[in-house]
Amino acid sequence: MTMESNHHLNFLAPQPDRSWLGSWIFSTDHKRIGILYLVAISTFFLVGLCLGLLMRLELIAPGGIIMGPQTYNALFTVHGVIMIFLVVIPSIPAVFGNMILPIQLGAKDVFFPRLNLLSWWLYMFGAGVAVISLFTGGGPPDTGWTFYVPFSTMTKSNTTLSVFGVFILGFSGILTGLNFITTVHRLKPSTTPWMKLPLFTWSLYFTAWIQVLVTPILAITLLLIILERVIGLGLFDPTKGGDPLLYQHLFWIYSHPAVYIMILPAMGVISEIVPVFARKPAFGYRAIVFSGFVIATAGSMVWAHHMFVAGISDTAVMVFSFLTFVVAIPSAIKVFNWTATLYKGSIYLGPPLLYALAFIFLFSLGGLQGLILGSAGTDMHVHDTYFVVGHFHYVVFGGAIFGFFAALHYWLPKMFGRLYNYEWATAALFLKFIGFNLLYFTMLIMGVQGMPRRYYDYLPEFQNLQVISTVGSWILAAGIIMMVINLFYGMRYGEKAGDNPWGGATLEWTVSSPPPAENFEGEPVLTRSPYDFKDIKAPHAE
Amino acid sequence: MTDNLNKSYMSYVFIWIILLCLTALTVFCSTLQLGHPAIWIALTIATIKGSLVLLFFMHLKDEQSFIKYAFLVALIVLAIFIGLTFFDVLYR
């Protein structure tokens, strides 16, 4: 194929029959939709990051520094809503699921390309409604991202509109999940056995099931808040025969599995990177697949561990505590399998693997903290303290977002056909790693010492740790800015990546970089297992 | 052809009548003071009604087995969610 025709087929190439903007926002090409999500999610991530930095700055000393208490309440709510619903939940499935899943399967697109575009539009519409809610009505919501009743039904802030925004975002997730399930079932080539699917595809498949099964429950729950606020329905109001704990049940039935919507795809990314950079087949392929299934199922039955001190029955506490411990087992299986894959491998410490190792370290710490919170006795002590905030960020940021960063460093050369600077990528990772631990490990200590979460002010004895935490946030932000500059520069001006810069064996590495618009000519026939590196030379090994 | 069509319409009307009867049964049961079993009776009737709508009006019965399994998974998951939530209330 000549360079010219290759360029013509490139999915990033201008489309002469459409305006530049139209060729993006009305495109049904899964790769272009992946880029649309990447731009939107990255933008919201940077906004959420700025809000987080402002909160940390406010907490550098006791008393008011740069804002009042109501602004602080609004800030942690909006930070949570943006980061959870607009960034972390859609991050890997929407960006890399769209970009990579059909190619890994050997398909030309997802099964419902127009529905895929509708999902992006719903995402943008939901985000728009959430943003409008900040500047209209009674001002930004101040309930926290959990929208707990009774406060969320009584507050004068513009909670109705922001809840409605999240309701719309839920539909985007449901449709994406439905699309991915159908894509895997309908577009998997008949010649590809299920047990030869890449682990990233498996992780997206299980995630999609969780999205389809639990997101409607959140949607209904959020609608019920709106009905409580608008017509005083009374479902959650004890004076009208309602039960406020019912809200917490319904909310966490979605929101705990949502953690697995965030983390399972990240685990899939790590399962791709580790074998490629160890030049060894994934250790315990079937165990990794099966553990993904168990995480998806058992992880959907542990939600009430968020409610141990809320007044649920003691029997329920015991049962949910037990189930929480059960879900730790498949997570540990994955960690052990990644480690065993590395063992005696021919390891190349390239940036994607370094990010994967950071993920394994941070997620393992976060998971172990989860066991402290899953034990009813210790949970009583640290519930609603900074320990929970620290743990949550270890899992969601150290897990899902570091997984997202790892995916960016792994697949960006495929997406844009250019490499970034490895030294800068490594330096940025170390900055982030140091900043992250300073920021969140101090929160764990403060939590054990009794610092409550969501408090605008604090006692002077917490100041030293609060200062360390705030300085950590600056270092973390510096690392993120460095990474963004490096990736953006590499994407535009970096050296040509070639089709297979890491020596991967899955199908996406057999097409050109950037991939052609139609992905494959005809149906590709799988000639090797996804982690069989025989006869594939990694460029870095040459 | 017309015979088949008439048969199909008749089955829809028949299902509709069953749904109406089940609704009447739900309303009747709610007037009885049954205590805890009341919720299980209401949920069972609702499940049967939902299944009938899916099987006949949404043509699930004519679909291939994977779609039927997918529906079954949703049903089981919902049963677990409702079961675990009521389990808490039961022991409070």
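Just so we're clear, the structure is a prediction, and the values are computed from it rather than from any experiment. (Residues numbered from 1 in each chain as written. Chains lettered and ligands numbered in written order. Predicted model: local features only at pLDDT ≥ 70, side-chain atom pairs only at ≥ 80, totals over all residues.)

Visitor: Give me the overall build of chain A: which residues, what numbers.
Guide: Check the secondary structure of chain A and you find 17 helices and 0 strands. At 23 Å, chain A has a C-alpha radius of gyration in line with the 24 Å of a compact globule built from 542 residues. Counting across all 542 residues of chain A, residues that qualify as buried make up 52%. Taking the contacts inside chain A whose residues are at least 6 apart along the sequence as the reference set, 84% of them involve residues at least 24 apart. (Helix = DSSP H or I, 4+ residues; strand = E, 2+ residues; numbered from the N terminus. Rg over C-alpha atoms; globule rule 2.2 N^0.38 Å. Buried ≥ 20, exposed ≤ 12 C-beta atoms within 10 Å, placed from the backbone. Contact = placed C-beta atoms within 7 Å.)

Visitor: Could you give an account of the nonpolar core, with specific residues and numbers?
Guide: Residues and elements named next belong to chain A. Membership of the largest hydrophobic core comes to 163 residues, with the highest contact counts inside it found for Ile270, Ile273, Ala356, Phe359 and Ala406. Considering each element in turn, this core owes the most residues, 23 residues, to helix 10 (residues 244–278). Ile273 has contacts with Pro352, Leu353, Ala356, Ala406 and Tyr410, leaving out every residue within four places of it along the chain. (Core = buried A, V, L, I, M, F, W, Y, C linked by C-beta atoms within 7 Å.)

Visitor: Help me get a handle on the interface of chain A and chain B, residues and values and all.
Guide: Interface size, as often reported, equals the accessible area lost upon joining of the parts. Facing 11 residues of chain A, the contacting portion of chain B comprises 11 residues. Breaking the side of chain A that touches chain B down by element, the ones donating at least two residues are helix 10 and helix 12 (314–342) of chain A.

Visitor: Tell me what's going on with unusual backbone geometry, and back it up with residues and numbers.
Guide: With the exception of glycine, most residues fall at negative phi, and the peptide bonds are largely trans. Residues and elements named next belong to chain A. Here the residue pair Val149 and Pro150 is connected by a cis peptide bond, since its omega of 0° sits within 30 degrees of zero. Residue position: Pro150 is located in the loop between helix 6 (113–135) and helix 7 (151–154). A positive phi angle, near 60°, is found at Asp384, a position not held by glycine. Within the element layout of this structure, Asp384 appears in the loop between helix 14 (376–382) and helix 15 (386–416). For Asp384, a count of 13 C-beta atoms within 10 Å corresponds to the partly exposed category. Positioned with a positive phi, Asp535 is a non-glycine residue whose angle comes to about 70°. For Asp535, the location among the structural elements is in the segment after helix 17 (463–493). A tally of 7 C-beta atoms within 10 Å means that Asp535 is categorised as exposed.

Visitor: Can you tell me about helix 3 (residues 65–91) of chain B, naming the residues and giving the values?
Guide: For an α-helix, 3.6 residues make a turn, and residues three or four places apart therefore share a direction. Compared with the 39 Å implied by 1.5 Å per residue over 27 residues, the 39 Å span of helix 3 of chain B between its first and last C-alpha is a close match. Within helix 3 of chain B, the full set of buried residues consists of Val77, Phe81, Leu84 and Asp88 of chain B. Along its buried surface, helix 3 of chain B packs onto helix 9 (199–231), helix 10 and helix 12 of chain A. (Expected span 1.5 Å × (residues − 1).)

Taken by themselves, the reported measurements are silent on function.
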